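Chains, contacts and geometry: an overview
The residues making up each chain are set out below.
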Amino acid sequence: MLTQSTFAFIGGGNMATALIGGLRKRGVPASAIQAVDPFADARQRLSADFGIATADAPHAGLRAADVLVLAVKPQQFREACAALAPHLGDSLVISVAAGIRLTDLSRWLNGHSRVVRAMPNTPALAGMGMTGLAGPTGLPAADRDMASAVANAVGKSLWVADDAQIDAVTAISGSGPAYVFYFIEAMQRAATELGLSAEQGRALAVETFVGAATLAGESPEAVSTLRERVTSKGGTTYAALTAMADAGMGDAFVRAMQAAAARGREMGEEFGRQ
Ligand SMILES: NC(=O)C1=CN([C@@H]2O[C@H](COP(=O)(O)OP(=O)(O)OC[C@H]3O[C@@H](n4cnc5c(N)ncnc54)[C@H](O)[C@@H]3O)[C@@H](O)[C@H]2O)C=CC1
Ligand SMILES: O=C(O)[C@@H]1CCC=N1
């Protein structure tokens, strides 16, 4: 499916780079991918890294793209749609922008209905992304399959029932890598305070995340069971988890993700009003 199709990216930053890398790895030829970015540095990096054609603004050649991926910042989104609209053909349009609602995306593209809202994350750069997807009712099955295939080129994906749930996906897995990095940083800091080197702390923390996440992914058991199995009565883990509970960390984490989802909804209101 992917190797028979053509792709265009509007915005050539972090997320576009991850997705283009994934498509190339899945055998999509460089000649089947193009990108638009007003910044010369971004264009130069894309042609150097992937050998794809680039342009500084939307142009008639975009009509030929089977799939158009919108990967600009939410603040730049409406303007990018306005510049794209006159050159939009019958492409499937996939937006990865946080907060931008499907109805606004479609409206800014003059009622274009082949639209999908996707929320990937930066582990996509390592081929281990997780993407949430939502589409309008009536989205053709072939478009759904194509959006899944694009997302799966950089990891795994799941569909949610409606657009609003993408704000929840954003709060959990879109922003999620930052929470993990935050935790790794704290573990690294603790390691140095406990007499290990920063490098040792990083290796211990990173491998613990990789190992625990792999175990949780492979095990049919509840994650709470896996946690309990590490926690010997009166032992070291119990001491750590008690300190975390006393500090209200579990609740604070849930509140943090609620704040992220709320900000996503707020961005939808803020940018959708325009
Ligand atoms: N970074 C992340 O962890 C994630 C980001 N996203 C979403 O992906 C989108 C892109 O984010 P990043 O790649 O991190 O941003 P980025 O800043 O790395 O890339 C955005 C690119 O868009 C270009 N650009 C600006 N105005 C443009 C226009 N009018 N037409 C075409 N290109 C234009 C910029 O020059 C830049 O290269 C955002 O909407 C963000 O919400 C989604 C999931 C995760
Ligand atoms: O922080 C943000 O708004 C974007 C969306 C998900 C990750 N980064």
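Residues numbered from 1 in each chain as written. Chains lettered and ligands numbered in written order. Predicted model: local features only at pLDDT ≥ 70, side-chain atom pairs only at ≥ 80, totals over all residues.

A word on the sheet that holds strand E7 (residues 129-134)
- Taken in spatial order, the 8 strands of this open sheet run E3-E2-E1-E4-E5-E6-E7-E8, and their pairing is mixed. The open sheet terminates on both sides in strands that have one partner only, identified here as strand E3 (53-55) and strand E8 (155-159). Along the sheet, successive strands turn relative to each other by an average axial angle of 25°, direction set aside.
- As judged from the 4 bridges shared by strand E1 (residues 7-10) and strand E2 (residues 33-36), these two strands associate in the parallel manner. (Pairing = 2+ DSSP bridges. Helix = DSSP H or I, 4+ residues; strand = E, 2+ residues; numbered from the N terminus. Axes fitted to C-alpha atoms, helices over the stretch in contact; angles between N-to-C directions.)

Some words on the site of ligand 2
- Taken together, Ala 98, Thr 170, Gly 174 and Ser 175 make up all the residues around ligand 2.
- A per-class count over the shell around ligand 2 returns 1 nonpolar, 3 polar and no charged. (Near = placed C-beta within 6 Å. Nonpolar A, V, L, I, M, F, W, Y, C, P; charged D, E, K, R; others polar.)

Points about the environment of Ile 52
- Position of Ile 52 relative to the elements: it lies in the loop between helix H2 (40-50) and E3.
- Aside from chain neighbours lying at most four places away, what touches Ile 52 is Ile 20, Ala 30, Ile 33, Gln 34, Ala 35, Leu 46 and Ser 47. (Contact = placed C-beta atoms within 7 Å.)

Let's talk about the site of ligand 1
- If you check the shell around ligand 1, you find 28 residues, and the closest are Gly 11, Gly 13, Asn 14, Ala 97 and Ala 98.
- Per element, the largest residue contribution to the shell around ligand 1 is 5 residues, and it comes from helix H3 (residues 74-84).
- Of the residues contributing to the shell around ligand 1, the split by class is 17 nonpolar, 8 polar and 3 charged.

Some points on the pairing of strand E4 (residues 67-70)
- Every second residue of E4 is oriented toward a common face, with Val 67 and Val 69 on one face and Leu 68 and Leu 70 on the other, all of them buried.
- Sheet analysis places E4 next to strand E5 (residues 92-95), joined by 4 bridges and oriented parallel. Across the sheet, residue Leu 68 finds its bridge partner in E5, namely Val 93.
- Each parallel crossover has a hand, and for E4 linked through H3 to E5 it is right-handed. (Buried ≥ 20, exposed ≤ 12 C-beta atoms within 10 Å, placed from the backbone. Right-handed = clockwise from strand over helix to strand, strands pointing away.)

Structural notes on the nonpolar core
- Among the nonpolar cores identified, the biggest contains 56 residues, and Phe 9, Leu 19, Val 69, Leu 70 and Ile 94 are the most heavily contacted of them.
- At 6 residues, helix H1 (residues 14-25) tops the list of elements feeding residues into this core.
- Excluding residues that lie within four positions of it along the chain, Leu 19 makes contacts with Val 69, Ala 124, Val 150 and Val 154. (Core = buried A, V, L, I, M, F, W, Y, C linked by C-beta atoms within 7 Å.)

A short note on the confidence of the model for the protein chain
- In the predicted model, the protein chain carries a mean pLDDT of 97, and 100% of its residues have values of at least 70.
- Reported confidences for the modelled complex are a pTM of 0.96 and an ipTM of 0.98. (pLDDT = per-residue confidence, 0-100.)

Here's the deal with unusual backbone geometry
- The phi dihedral of Asn 110 falls on the positive side, at around 55°, and the residue is not glycine.
- The topology assignment puts Asn 110 in the loop between helix H4 (102-108) and strand E6 (115-119).

So, the pairing of E5
- Covered by surrounding structure in E5 are Leu 92 and Ile 94 together with Val 93 and Ser 95, the residues of both alternating faces.
- Where E5 lies against E6, 3 bridges are found, and the strand directions are parallel. In the sheet register, Ile 94 faces E6, and the bridge partner there is Val 116.
- Tracing the backbone out of E5, into H4 and back to the parallel element E6 gives a crossover that is right-handed.

So, the packing of helix H7 (residues 176-193) against helix H8 (residues 198-218)
- Running from N to C, H7 and H8 cross one another at 140°; their axes reach a closest spacing of 8 Å. Overall, the two elements H7 and H8 adopt an arrangement that is oblique. Considering only the axes of H7 and H8, their crossing is right-handed. Each of Val 180, Ile 184, Met 187, Gln 188, Ala 191 and Thr 192 in H7 lies in contact with H8, whose residues at this interface are Ala 198, Gln 200, Gly 201, Arg 202, Leu 204, Ala 205, Val 206 and Phe 209.
- By residue class, the composition of the contact of H7 with H8 is 9 nonpolar, 4 polar and 1 charged. (Parallel < 35°, antiparallel > 145°, perpendicular 65-115°, else oblique. Left-handed = near helix turned anticlockwise from the far one by under 90°.)

A closer look at helix H10 (residues 236-246)
- Of all 11 residues making up H10, only 0 are buried, and the element is barely covered by its neighbours.
- At the C-terminal side of H10, Gly 248 shows a positive phi close to 70°.

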